[in-house]
Amino acid sequence: MSIWHQRWDENRIGFHRSLANPALTDHWSKLQLDSSAQVLVPLCGKSLDMHWLAQQGHFVNGVEFVEKAVKEFFEDWSKEPLKTSREFGEKFAGKNINLYLADFFKVEPDDAPFSAWYDRAALVALPPSLRTQYVEQLRKLTTADAKGLMVTFDYPKEEMQGPPFALSDEDVEHHFGPFFEIERLQFTDLTEEEDRELSRCSLSVFMLKRI
Ligand SMILES: C[S@@+](CC[C@H](N)C(=O)[O-])C[C@H]1O[C@@H](n2cnc3c(N)ncnc32)[C@H](O)[C@@H]1O
């Protein structure tokens, strides 16, 4: 059982928010996407951000490998999804939101490649050893002109064992620089607010465009 299955089992899901994330609502329009753009949400949990994206007119495709999270998303929405099996897992289809119950690294969504993606607490949830693979999979599942919004977290790596794992500016440049244009849209110092006793801690929001 992964740490994530264990966390969901024990309801230790402090990352889940009861409102759409301000990083999304404040910055999404800067991507200047047509509402017909389908959006990929890797490692989606049961995030309400997916409803916000759907309300903007997008068709949303989330990927999550814990069944409890997927089921609770539809229960909270009071929607009965249409469930179908795939080789890599299962598809739960709602009106304008499909959730794939699958490992992100193995998923092959029906409508991929997508022209947009939203990463909040996805890359930083993964151990650093999976970062190259994450970017590779993201490129595989998105179109050559895709744009995305990514919310990250940084702190001195030696002070805490993730998740969330610290993602420095150098890490962002190293992993995304060769394939994406990178623009930081927000930097917020969280050192005072965080209760994890980190000497420095910040949140950044990046706009990424495939090049
Ligand atoms: C920190 S949570 C963030 C969830 C969501 N993005 C949000 O903002 O609430 C990370 C999620 O990724 C899921 N996850 C971790 N590794 C995964 C993988 N390889 N494939 C699919 N989901 C994964 C976990 O179960 C967890 O729900």
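Residues numbered from 1 in each chain as written. Predicted model: local features only at pLDDT ≥ 70, side-chain atom pairs only at ≥ 80, totals over all residues. Heavy atoms only, no water.

Within the chain, the regular secondary structure consists of 6 helices and 9 strands. Since a compact globule built from 211 residues should have a radius of gyration of about 17 Å, the 16 Å found for the chain is in line with a globular shape. Overall, the C-alpha framework of the chain stretches about 45 × 40 × 30 Å when taken along its three principal axes. Residues classed as buried in the chain amount to 50% of the 211 residues present. Counting only carbon and sulfur atoms, one obtains 47% of the accessible surface of the chain, whose full area is about 10,500 Å². Distance from the positive charge centre (24 side chains) to the negative charge centre (35 side chains) of the chain: 4 Å. (Helix = DSSP H or I, 4+ residues; strand = E, 2+ residues; numbered from the N terminus. Rg over C-alpha atoms; globule rule 2.2 N^0.38 Å. Buried < 20%, exposed > 50% of the residue type's maximum accessible area, 1.4 Å probe, protein only. Areas by Shrake-Rupley, 256 points an atom, 1.4 Å probe, with all protein chains shown as cover. Lys, Arg positive; Asp, Glu negative; His and termini not counted. Charge placed at Lys NZ, Arg CZ, Asp CG, Glu CD.)

Turning our eyes to something else, we now look at the site of the ligand. Around the ligand, 17 residues are found, and the nearest of them are Trp8, Leu43, Glu64, Phe104 and Arg120. Within the side chain of Trp8, a nitrogen or oxygen atom sits 3.0 Å from an oxygen atom of the ligand. Interatomic distance of 2.9 Å between a backbone N/O atom of Leu43 and a nitrogen atom of the ligand. Protein coverage of the free-state accessible area of the ligand, which is 600 Å², stands at 96%. Grouping the constituent residues of the shell around the ligand by class yields 12 nonpolar, 2 polar and 3 charged. (Near = heavy atom within 4 Å. Polar contact = N/O pair within 3.5 Å; in protein donor to acceptor, adjacent residues only side chain to side chain. Nonpolar A, V, L, I, M, F, W, Y, C, P; charged D, E, K, R; others polar.)

Okay, the pattern of salt bridges next. Throughout the structure, instances matching the rule amount to 12 salt bridges. Between Glu10 and Arg12 there is a salt bridge, with its nearest N and O atoms 2.9 Å apart. By relative accessible area, Arg12 is classed as partly exposed at 42%. One salt bridge in this structure joins Lys71 and Glu67, with 3.2 Å as the shortest N-O distance. Here Lys71 pairs with Glu67, and both are found in helix α4 (residues 67-77), just 4 residues apart, close to one helical turn. Linked by salt bridges that have partners in common, Lys46, Lys68, Glu72 and Asp76 make up one network. (Salt bridge = Lys/Arg side-chain N within 4 Å of Asp/Glu carboxyl O.)

Burial analysis of strand β4 (residues 89-93) places 4 of its 5 residues in the buried class, which makes it a mostly covered element. Of the pairings in the sheet, the one linking strand β3 (residues 82-86) to β4 comprises 5 bridges and is antiparallel in character. Bridge pairing links Ser85 to Glu90 in β4. In this structure, the hairpin formed by β3 and β4 is closed by a connection of 2 residues. By the bridge criterion, 5 bridges tie β4 to strand β5 (residues 97-102) in an arrangement that is antiparallel. The residue bridging Phe92 from the neighbouring strand is Leu99, located in β5. Taken together, β4 and the strand that follows it, β5, pair antiparallel across an intervening segment of 3 residues. (Pairing = 2+ DSSP bridges.)

Inspection of the secondary structure assignment puts Met160 in the loop between β7 (142-154) and α6 (169-176). Take Met160: its relative accessible area is 18%, and that puts it in the buried class. On a C-alpha basis, the gap between Met160 and Leu19 in space is 27 Å, while along the polypeptide they are 141 residues apart. In contact with Met160, other than residues within four places in its own chain, are Tyr155, Arg196 and Leu198. (Contact = heavy atoms within 4.5 Å.)

Note that all results are geometric; they support no functional claim without further evidence.
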